[in-house]
Amino acid sequence: GLVGSEMCIRDRLNYAAYFAEIYRSGIEAVPKGQYEAAAVLGYSRTQTFVRIIFPQMVKIVLPPVTNEVITLVKDTSLAFALAYTEMFTLAKQIAAAQTSIMPLFVAGLFYYIFNFVVAYGMEKLENKMKTAGKSKKSPLHWLFLVLYVD
């Protein structure tokens, strides 16, 4: 089987490919008319991407990125459990000594809370970005506001 470091490298490459595909498809999902409109306005390729394409792409990719982040958290804990079986051996010993499954329950509760916080934060960001289209501020402004203020 794979040892911890090999699993870590494999998982990083796998997630890098998933995230690259999510962002690639998000960029391709922006209508071609947006590029044409930017060209008519005289925007450079960089200005087009930063001011027009990127903010729209962020709105599109938030749901799949949220799913991947939650999956990443779960897979990381699974890889940790497989690479460091002595942790579970110790947890089983503690559970057996206390005749309680509380140590395992607490670990599960921790992962549930962490994933809930990630999902809640991403949902909040999505909602702010949806309302950004109704205000004069760009979606990119809301992204930075949520990341640095909330």
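Keep in mind that this is a model prediction, so the values were computed, not measured.

A. A look at the overall build of the chain. Looking only at helices and strands, the chain features six helices and zero strands. Helices (α) and strands (β) of the chain occur, in sequence order from the N terminus, as α-α-α-α-α-α. A total of 150 residues make up the chain; the buried ones form 25% of that total. Taking the intrachain contacts of the chain between residues at least 6 apart in sequence as the baseline, contacts between residues at least 24 apart amount to 63%. Approximately 10,500 Å² of the chain is accessible, and the part contributed by carbon and sulfur atoms is 67%.

B. Just the nonpolar core, in detail. The biggest cluster of nonpolar side chains holds 17 residues, and the ones touching the most others in it are Met57, Val61, Leu62, Val65, Met122, Leu125 and Met129. Of all the secondary structure elements, the ones that give two or more residues to this core are α1 (4-29), α3 (45-83) and α5 (102-132). Per element, the largest residue contribution to this core is eight residues, and it comes from α3. Not counting residues within four places of it along the chain, the set of residues in contact with Val65 comprises Phe19, Ile22, Tyr23 and Met122.

C. Structural detail: a nonpolar patch on the surface. A cluster of nonpolar residues, Met102, Phe105, Val106, Leu109, Tyr112, Ile113, Phe116, Val117 and Tyr120, forms a patch on the protein surface that exposes about 950 Å² of accessible area. Along the chain, Ile113 falls in helix α5. For Ile113, a relative accessible area of 45% translates into the label partly exposed.

D. Region of interest: the packing of aromatic side chains. Under the definition given, this model contains three aromatic pairs. Aromatic pair Tyr15 and Tyr18: ring centres 6.5 Å apart, planes at 45°, arrangement tilted. Of this pair, Tyr15 and Tyr18 are both found in helix α1, three residues apart, which corresponds to roughly one turn of the helix. Arranged with centres 6.3 Å apart and planes meeting at 15°, the rings of Phe116 and Tyr120 form a pair that is stacked. Here Tyr120 and Phe116 lie together in helix α5, a separation of four residues that amounts to about one turn. The ring of Tyr43 is capped by Arg51, whose NZ or CZ atom sits 5.7 Å from the centre of that ring.

E. Seen up close, the side chain of Thr48. Take Thr48: it is sitting in helix α3. Residue Thr48 is classed as buried on the basis of its relative accessible area, which comes to 7%. Excluding residues that lie within four positions of it along the chain, Thr48 makes contacts with Tyr35, Ala38, Tyr43 and Ile53.

F. Spatial organisation of the pattern of salt bridges. Scanning the model with the defined rule gives two salt bridges in all. Arg24 is the salt-bridge partner of Glu21, the closest N and O atoms lying 2.3 Å from each other. Taken together, the residues span about one helical turn, with Glu21 and Arg24 both in helix α1 at a distance of three residues. Taking the relative accessible area as the measure of exposure, Glu21 reaches 40% and is therefore partly exposed. Relative accessible area serves as the criterion here: at 37%, Arg24 is assigned to the partly exposed category.

Parameters and conventions
Residues numbered from 1 in each chain as written. Predicted model: local features only at pLDDT ≥ 70, side-chain atom pairs only at ≥ 80, totals over all residues. Heavy atoms only, no water. Helix = DSSP H or I, 4+ residues; strand = E, 2+ residues; numbered from the N terminus. Buried < 20%, exposed > 50% of the residue type's maximum accessible area, 1.4 Å probe, protein only. Contact = heavy atoms within 4.5 Å. Areas by Shrake-Rupley, 256 points an atom, 1.4 Å probe, with all protein chains shown as cover. Core = buried A, V, L, I, M, F, W, Y, C linked by side-chain atoms within 4.5 Å. Patch = residues over 30% accessible without salt bridge, like charges linked within 9 Å, V, L, I, M, F, W, Y side chains within 5 Å. Salt bridge = Lys/Arg side-chain N within 4 Å of Asp/Glu carboxyl O. Phe/Tyr/Trp six-rings, centres within 6.5 Å; stacked < 30°, edge-to-face > 60°. Lys NZ or Arg CZ within 6 Å of the ring centre and 35° of its normal.

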